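As a plain string of letters, each chain reads:
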Amino acid sequence: MKRLLQAVIATTAIMLPLEGAMAQDYPNRNITLIVPYAAGGPSDAIARLIGQSMSDTLKEQVIIENIAGAGGTMGASRLAKAEKDGYTLLIHHVALAAGASLYKNLAYDTLGDIEPLGLVNYGPMVITTRKDYPASDGKALFAKLKTDGNKTTAAHAGVGSNSHLCNLLLQQALGVNFTEAAYRGTGPAMTDVMGGKVDLLCDQSTTAVPQIQGGTIKAHAVTSEDRLDVIKDVPTVQEAGIKDFEFVIWHGLYAPKGVPQDVVKKLNQALQVALDDSNVKARFADVGTQVFGPSERTPEAHRERFEKEVKTWQDVIGKSGVAQAN
Ligand code: MLT
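Note that the structure is a prediction, hence the values are computed from the model and not measured. (Residues numbered from 1 in each chain as written. Predicted model: local features only at pLDDT ≥ 70, side-chain atom pairs only at ≥ 80, totals over all residues. Heavy atoms only, no water.)

1. What about unusual backbone geometry?
Working step 1: The residue after Tyr26, namely Pro27, is reached through a cis peptide bond having omega -5 degrees.
Working step 2: Here Pro27 lies in the loop between helix 1 (2-25) and strand 1 (31-35).
Working step 3: Positioned with a positive phi, Lys59 is a non-glycine residue whose angle comes to about 60 degrees.
Working step 4: Relative to the elements of secondary structure, Lys59 occurs in the loop between helix 2 (42-58) and strand 2 (62-66).
Working step 5: Within the chain, Asp244 stands out as a residue other than glycine whose phi angle is a positive 55 degrees.
Working step 6: Turning to its location among the elements, Asp244 is positioned in the loop between strand 8 (217-222) and strand 9 (248-256).
Working step 7: In this structure Asp244 comes out as exposed when scored by relative accessible area, which is 75%. (Helix = DSSP H or I, 4+ residues; strand = E, 2+ residues; numbered from the N terminus. Buried < 20%, exposed > 50% of the residue type's maximum accessible area, 1.4 Å probe, protein only.)

Next up, the structure:
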């Protein structure tokens, strides 16, 4: 027994300074930032913007890796299995919380395996269609969907993704079932809407706004309470006739649970610098999304929101009767 105790004390004595040294030295090589959707989509765009600034602060490259599939759960799964050393991170959004209830067989425990590092941005989605879809505005779109929504093809980025959740809310509100087309992200989905292959896409303003401004797709309604300044002529969903409809999405930065707290602190500081950067803020504002305020983007505030949101989606999905995916 005495020998066992001595062995435990010796191991702890070796581990503590090593962990401290590791955190002091951190980072000393490239950091991988997993984006759980295809390149060219909104999560990818946000990751590249903050990743550049974080590279400058941390003096090591933050390299984006797109691990897309299963509504963003493949990327989350890769993070959960990564070394707990701060060299593998994940950017994710509402889908990480909703996925906990939407998937039967997740390879990770959403709250148990994933460590929140800080909130990043929040913003609405925009309900868009291919340019030649026969509806001129939000009201006309919803009226048309009520009659032939079942024949309408609607793209999304996999079960649980924001675009999928937005479709679910819209279908519930209109009492129809779209013919859904799943993609590995809204980047490729948007390409097909622009090409006229799919009718409808509810996408984050981040990637929808540049296409709307460029005239390659048609915007019908924004899912926030208020209109967006950058596309001021587009009504809110409520103005277009669907009451009590609001959907604002947010991104956060994550590490595997068990990363040393000093590393969490360093990463949060680098994130805070990125979100205070006037260039980053301006680029976000240009596409109708906003950075969280300093007190909301601490790891503690992020954890609180994350836990709340897992619970909220548990209730929503439980009541909705939506079938779980594998
Ligand atoms: C993406 O980057 O493709 C999106 O965040 C997917 C989505 O949630 O709709």
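2. Describing the site of the ligand
Working step 1: Taken together, the neighbourhood of the ligand is formed by Tyr37, Gly41, Pro42, Ser43, His93, Ala157, Ser161, Asn162, Ser163, Gly185, Thr186 and Gln204.
Working step 2: Backbone polar atom of Asn162 to an oxygen atom of the ligand: 2.8 Å apart, as the coordinates give it.
Working step 3: Within the backbone of Thr186, one N or O atom sits 2.8 Å away from an oxygen atom of the ligand.
Working step 4: Coverage of the ligand by the protein amounts to 100% of the 270 Å² it exposes when considered alone.
Working step 5: At the level of secondary structure, the elements contributing two or more residues to the shell around the ligand comprise helix 2 and helix 7 (162-174).
Working step 6: Residues belonging to the shell around the ligand are distributed by class as follows: 3 nonpolar, 9 polar and no charged.
Working step 7: Structurally, the shell around the ligand is a two-domain feature, drawing no fewer than three residues from each of domain 1 (2-122 + 250-320) and domain 2 (124-231). (Near = heavy atom within 4 Å. Polar contact = N/O pair within 3.5 Å; in protein donor to acceptor, adjacent residues only side chain to side chain. Areas by Shrake-Rupley, 256 points an atom, 1.4 Å probe, with all protein chains shown as cover. Nonpolar A, V, L, I, M, F, W, Y, C, P; charged D, E, K, R; others polar. Domains from an automatic or database assignment.)

3. Overview of the pattern of salt bridges
Working step 1: Under the definition given, this model contains 12 salt bridges.
Working step 2: A salt bridge links Glu115 to Arg303; the nearest nitrogen and oxygen atoms lie 2.9 Å apart. Of this pair, Glu115 sits in strand 4 (residues 114-130) while Arg303 sits in helix 12 (residues 299-320), placing them 188 residues apart in sequence.
Working step 3: A salt bridge links Arg130 to Asp199, with the nearest nitrogen and oxygen atoms 2.8 Å apart. (Salt bridge = Lys/Arg side-chain N within 4 Å of Asp/Glu carboxyl O.)

4. Comments concerning the environment of Tyr133
Working step 1: Inspection of the secondary structure puts Tyr133 in the loop between strand 4 and helix 6 (138-148).
Working step 2: Here Tyr133 falls in the buried class, since its relative accessible area comes to 4%.
Working step 3: When sequence neighbours within four positions are dropped, the list of residues in contact with Tyr133 reads Leu141, Lys144, Leu145, Asp148, Thr152, Asp199 and Lys218.
Working step 4: In terms of polar contacts, Tyr133 uses its side chain to reach the side chain of Thr152, at 3.5 Å. (Contact = heavy atoms within 4.5 Å.)

5. What about the state of the cysteines?
Working step 1: Within the structure shown, the criterion is met by 1 disulfide.
Working step 2: Note on cysteine connectivity: Cys166 is disulfide-linked to Cys202, with sulfurs 2.1 Å apart. Of note, the bridge from Cys166 to Cys202 carries an S-S torsion of about 70 degrees and is right-handed in sense. Here Cys202 lies in strand 7 (residues 200-204) and Cys166 lies in helix 7, a separation of 36 residues in the sequence. Taken as a pair, Cys166 and Cys202 share a single burial class, namely buried. (Disulfide = S-S within 2.5 Å.)

These results come straight from atomic positions and should not be treated as a statement about function.
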